Amino acid sequence: MQPPLQTATNAAETLRWDDLKVLLALHRRGSLKRAAEELGVNISTVSRRLDALEELLGAHLFDRTPEGVRPTAAAEQLVPHAEGMERAALGFVRGLEGFEVEVEGVVRITAPPGLVDSF
């Protein structure tokens, strides 16, 4: 086990959303392979990201077994917070649904009659 971080603030400043996606995929899928498939990356990427996340947090999150991965108590405690962040991220994107993304409407141009005739 690695020593804990000096402060939680340091971890929060360094933590990336992609790190939490790895945590959630591993928790939901139960194996490096299935998590990698869900995330669209290879197994070694999931493994490296998990190692980096565990180092950042100073906590062991998953036990690796021949059958897959099993979440530790630390992972079980963090998953609801990661799911809350996932809901917030989805809400953030959905918040844009009501805004116009393309210009639309009637455009009126006023010009002298002789100039408009050539167009």
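So, here is what we can say about the structure in this document.

What counts, and where the lines are drawn
- Residues numbered from 1 in each chain as written.
- Predicted model: local features only at pLDDT ≥ 70, side-chain atom pairs only at ≥ 80, totals over all residues.
- Heavy atoms only, no water.
- Helix = DSSP H or I, 4+ residues; strand = E, 2+ residues; numbered from the N terminus.
- Contact = heavy atoms within 4.5 Å.
- Axes fitted to C-alpha atoms, helices over the stretch in contact; angles between N-to-C directions.
- Parallel < 35°, antiparallel > 145°, perpendicular 65-115°, else oblique.
- Left-handed = near helix turned anticlockwise from the far one by under 90°.
- Nonpolar A, V, L, I, M, F, W, Y, C, P; charged D, E, K, R; others polar.
- Polar contact = N/O pair within 3.5 Å; in protein donor to acceptor, adjacent residues only side chain to side chain.
- Pairing = 2+ DSSP bridges.
- Expected span 1.5 Å × (residues − 1).
- Salt bridge = Lys/Arg side-chain N within 4 Å of Asp/Glu carboxyl O.
- Buried < 20%, exposed > 50% of the residue type's maximum accessible area, 1.4 Å probe, protein only.

**Side note on the environment of Ser31**
Point 1. Assignment of secondary structure puts Ser31 in the loop between helix 2 (17-29) and helix 3 (32-39).
Point 2. In this structure the C-alpha to C-alpha distance between Ser31 and Thr65, which are 34 residues apart in sequence, comes to 9.1 Å.
Point 3. Here Ser31 is in contact with Leu26, Gly68 and Val69, once residues within four sequence places are set aside.

**Comments concerning the packing of helix 2 against helix 5 (residues 73-94)**
Point 1. Running from amino to carboxyl end, helix 2 crosses helix 5 at an angle of 120°, the nearest separation of the two axes being 9 Å. Considering their axes alone, helix 2 and helix 5 lie oblique with respect to each other. Here the hand of the crossing between helix 2 and helix 5 comes out left-handed. Contacts from Trp17, Leu20, Leu23, Leu24, His27 and Arg28 of helix 2 reach helix 5 at Ala75, Glu76, Leu78, Val79, Ala82, Glu83, Met85, Glu86 and Ala89.
Point 2. In terms of residue class, the contact of helix 2 with helix 5 is built from 10 nonpolar, 1 polar and 4 charged.

**Description of the packing of helix 2 against helix 4 (residues 43-57)**
Point 1. Packing of helix 2 against helix 4 brings their axes to within 10 Å, and their N-to-C directions diverge by 110°. Here helix 2 lies roughly perpendicular to helix 4, going by the angle between them. The hand of the helix 2/helix 4 crossing is left-handed. Judged by residue contacts, Asp18, Asp19, Val22, Leu23 and Leu26 of helix 2 engage Val46, Arg49, Leu50 and Leu53 from helix 4.
Point 2. In terms of residue class, the contact of helix 2 with helix 4 is built from 6 nonpolar, no polar and 3 charged.

**A closer look at the side chain of Thr45**
Point 1. Tracing the backbone shows Thr45 in helix 4.
Point 2. At 2.8 Å, the side chain of Thr45 forms a polar contact with the side chain of Asn42.

**Focus on the pairing of strand 2 (residues 68-71)**
Point 1. Pairing of strand 1 (residues 62-65) with strand 2 involves 4 bridges; the strand directions are antiparallel. Considered in strand 2, the bridge of Asp63 is made with Arg70.
Point 2. What sits between strand 1 and strand 2 in their antiparallel hairpin is a turn of 2 residues.

**Focus on helix 4**
Point 1. In this model, helix 4 (15 residues) spans 21 Å end to end at C-alpha, consistent with the 21 Å of a helix rising 1.5 Å per residue.
Point 2. Downstream of helix 4 by a residue or two, Gly58 has a phi angle that is positive, lying close to 70°.

**Here's the deal with the pattern of salt bridges**
Point 1. A complete count under the given rule lists 5 salt bridges for this structure.
Point 2. Among the ionic pairs, Asp19 bridges to Arg16, the shortest N-O distance being 3.2 Å.
Point 3. Taking the relative accessible area as the measure of exposure, Arg16 reaches 46% and is therefore partly exposed.
Point 4. One salt bridge connects Arg64 with Asp51, and the closest N-O pair in it is separated by 3.0 Å. One end of the pair, Arg64, is in strand 1; the other, Asp51, is in helix 4, with 13 residues separating them in the sequence.
Point 5. Given the relative accessible area of 37%, Asp51 is considered partly exposed.

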